[in-house]
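Breakdown of the fold
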Amino acid sequence: MATEMGTRTESRRLQERAEGLFPGGVNSPVRAFRAVGGEPPFVARGQGAYLWDADGRRYIDCFGSWGPMILGHAHPAVVEAIARAARDSASFGASTAAEGDLAERVMAVYPGIERLRFVSSGTEATMSALRLARAATGRKRIVKFEGCYHGHADGLLVKAGSGVATLGIPGSAGVPEEIASLTLALPYNDLAAVEAAFAEYAGEIAAVILEPVVGNAGCILPGEGYLAGLRRVTAEQGALLIVDEVMTGFRLAPGGATELYGIDADLITLGKILGGGLPCGAFGGRRRWMDMLAPLGPVYQAGTLSGNPLAMAAGCATLDDLAARRETIYAQLEATTRAMAEGVAQAAREAGLAVTLNRLGSMWTWFFTSGPVTNYDQAARSDVSKFGAFHRGMLERGVWLPPSQFEAAFMSAAHGLAEVDAVVSAARAVFGQFSA
Ligand SMILES: *Cc1c(COP(=O)(O)O)cnc(C)c1O
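Residues numbered from 1 in each chain as written. Predicted model: local features only at pLDDT ≥ 70, side-chain atom pairs only at ≥ 80, totals over all residues. Heavy atoms only, no water.

1. Describing unusual backbone geometry
To keep things clear, this is the line we draw: Secondary structure follows DSSP: runs of H or I at least 4 residues long count as helices, runs of E at least 2 residues long count as strands, and numbering of each begins at the N terminus.
Cis rather than trans, the peptide bond between Ala294 and Pro295 has omega equal to 10°. The step from Gly371 to Pro372 runs through a cis peptide bond, and the omega angle for that step is 0°. Relative to the elements of secondary structure, Pro372 occurs in the loop between strand E12 (363–367) and helix H13 (376–379). Of note, Trp66 is a non-glycine position whose phi angle comes to about 75°, a positive value. Tracing the chain through its elements places Trp66 in the loop between strand E3 (58–61) and helix H2 (76–87). One non-glycine residue, Asn189, adopts positive backbone phi at about 65°. Tracing the sequence through the fold places Asn189 in the loop between strand E6 (183–186) and helix H7 (191–200).

Written as structure tokens, this is what we have:
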């Protein structure tokens, strides 16, 4: 099997070309596989649960474009919606009915979103939400949590999980200390730390932003009462609670973690599934805050491609399919993901490996540590070299996992029991080689 490495000649050729064009050969750092080693295949196409690389090799996709592809690749309704929209032109820079169509679909499952605005990425959504929170409160500081990633805006690249953790850079060069110092990074799942920060910086904290279920440090679940506690403390202290659902929105439930945990957020940020695979994000929430945006209010925020017709069409088609199948699709995702995640964890245990499985619905992580993993420090105890070997072994057996220990894996509705069995058998074979 391992000798097949040498057969990815076309991917290697494309990689060499890319290295002459893009820093590190990529347009987003985690794609370079630095954290796991091995050569990243170039993708030629996807269909359902599968990807094919430039050399014609097939993979079961377990990272779903980092979250968006909940319906699987090239879902016919999404493809048709994009094609239909494209025939009427890709962009106008003027309002279209499609923006209202997608906004109504979002608000139907997020009743706490009274007004929203579309942007083109999750990064833009969180960046804009924080600007709004600072304007709303007249305060400068923000609280985030170690291991949570909210996009690559300057003030948010502080202890920011996944890509940053993976590369071993504490924050990022190029972010002025003055800006980073306005961000307090606290341990996740530790309400006392939040209370202490509000005591120390009384009247200075504009907002608390978090991943309600963390995906960007690997999958980490909120402890009992944690989210409600954050809501209580922020309300008491006059700070906004920003729930970053870019990853979890529409995935954990139709209304994301907000619905699942009954969170009463001030602002919610969305992305990934929202655009059905096209560049799209949104932030929204209480009208009293959102109406502070230009042109109604003094907070500036804009975008040439915001509400792009193709992204709106792909988003509507995706949310329509999720809504049409809502009685079955989340149960199916839960069942297939549980079978796959627990099957691999069981195979690891049988091979004598210390693996901690964290999972909620269709997102999960196998941490190569005895655990538990409830915050970033505990996640960081994982044996990343073992994870790297696992990743390379799985890739050789046709299973594409997220290329970092600190990223959640994702299941799509196109994955069935055949894919579950194939992944579990591949893992059994890889773990078998570990002990051999
Ligand atoms: C992916 C992600 C972002 C950033 O979204 P981009 O579209 O990559 O800019 C922000 N927050 C969370 C929770 C994410 O998972």
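Having seen the structure, we can now continue with the description.
2. Focus on the sheet that holds E12
Our working rule: Should DSSP find at least two bridges between two strands, the strands are regarded as paired. Any two residues having at least one pair of non-hydrogen atoms within 4.5 Å are treated as being in contact. An axis is simply a line fitted to the C-alpha atoms; with a helix, the fit covers only the stretch in contact. Between two such axes, the angle follows the N-to-C directions and lies from 0 to 180 degrees.
The 3 strands are arranged E11-E12-E14 in an open sheet whose pairing can be described as antiparallel. Here the strands that pair on one side only, and so sit at the sheet edges, are strand E11 (356–360) and strand E14 (409–410). Of the strand pairs in this sheet, E11 and E12 are connected by 5 bridges, and their pairing is antiparallel. Following the sheet pairing, Leu357 is matched in E12 by Trp366. Helix-sheet contacts for helix H12 (residues 326–350) involve E11 and E12, and the interaxial angle to E12 is about 5°.

3. So, the sheet that holds strand E2 (residues 50–53)
Ordered in space as E1-E2-E3-E13, the 4 strands form an open sheet in which the pairing is mixed. Of all the strands in the sheet, the pair left with one neighbour each is strand E1 (43–47) and strand E13 (399–400). Those strands touched by helix H15 (residues 417–435) are E2, E3 and E13, and its axis lies near 105° from that of E3.

4. Things to note about the nonpolar core
As a reminder, the rule being used: Definition used in this section: a nonpolar core is a set of buried Ala, Val, Leu, Ile, Met, Phe, Trp, Tyr and Cys residues joined via side-chain atoms within 4.5 Å. Relative accessibility thresholds used throughout: buried, under 20% of the residue-type maximum; exposed, over 50%; partly exposed, between the two (1.4 Å probe, protein chains only). What fixes the domain bounds is an automatic or database domain assignment.
Judged by nonpolar contacts, the single largest core of 109 residues is most densely connected at Val106, Phe145, Phe250 and Phe390. Shared between two domains, this core holds at least three residues of each, these being domain 1 (9–62 + 327–435) and domain 2 (76–324). Listed in part, the 20 residues of the second largest apolar core include Ala129, Ala133, Leu240 and Leu293.

5. Here's the deal with the site of the ligand
The line we're drawing: Being near a molecule or strand, for a residue, comes down to having at least one heavy atom within 4 Å of it. N or O atoms within 3.5 Å of each other form a polar contact, as long as, within protein, one can give a hydrogen and the other can take it, and as long as residues adjacent in sequence are counted only when both atoms are side-chain atoms. In these tables, accessible area is a Shrake-Rupley quantity obtained with a 1.4 Å probe, and a residue counts as shielded only by the protein chains included in the view.
Taken together, Ser121, Gly122, Thr123, Tyr149, His150, Gly151, Glu211, Asn216, Asp244, Val246, Met247 and Lys272 form the complete shell of residues around the ligand. Separating a nitrogen atom of the ligand from a side-chain N or O atom of Asp244 is a distance of 2.7 Å. In isolation the ligand exposes 380 Å². Once the protein is present, 83% of that is buried.

6. Description of the environment of Ser128
You can see Ser128 is positioned in helix H4 (residues 122–137). In sequence terms Ser128 and Phe33 are 95 residues apart; their C-alpha atoms lie 30 Å from each other. If sequence neighbours within four positions are ignored, Ser128 has contacts with Phe283 and Gln301.

7. A few points about the packing of helix H14 (residues 384–396) against H15
Condition: Oblique is the label for any angle not covered by the other classes, which are roughly parallel (under 35 degrees), roughly antiparallel (over 145) and roughly perpendicular (65 to 115). Helix crossings fall into two classes, left-handed where the near helix is turned counterclockwise from the far one by less than a right angle and right-handed where it is turned clockwise. Note that Gly is not counted as nonpolar here; it falls among the polar residues with everything else outside the nonpolar set of Ala, Val, Leu, Ile, Met, Phe, Trp, Tyr, Cys and Pro and the charged set of Asp, Glu, Lys and Arg.
With their axes 9 Å apart at the nearest point, H14 and H15 run at an angle of 125° to one another. Classified by the interaxial angle, the pair formed by H14 and H15 is oblique. Handedness of the H14/H15 crossing: right-handed. In contact with Lys386, Ala389, Phe390, Gly393 and Met394 of H14, H15 contributes Val423, Ala426, Ala427, Val430, Phe431 and Phe434. Grouping the amino acids of the contact of H14 with H15 by side-chain chemistry returns 9 nonpolar, 1 polar and 1 charged.

8. Digging into the domain arrangement of the protein
Applied cut-off: Using a 1.4 Å probe, buried area is obtained as the accessible area two parts lose upon being combined, added over both of them. By definition, a salt bridge exists where a carboxyl oxygen of Asp or Glu is found within 4 Å of a side-chain nitrogen of Lys or Arg.
With domains assigned, the protein is organised as domain 1 (9–62 + 327–435) and domain 2 (76–324). For domain 1 and domain 2, the distance between their C-alpha centroids amounts to 26 Å. Contact with domain 1, which involves 27 residues of that partner, is made by 28 residues of domain 2. Carbon and sulfur atoms make up 66% of the area that domain 1 and domain 2 hide from each other, which totals about 2200 Å². The interface formed by domain 1 and domain 2 contains 0 salt bridges.

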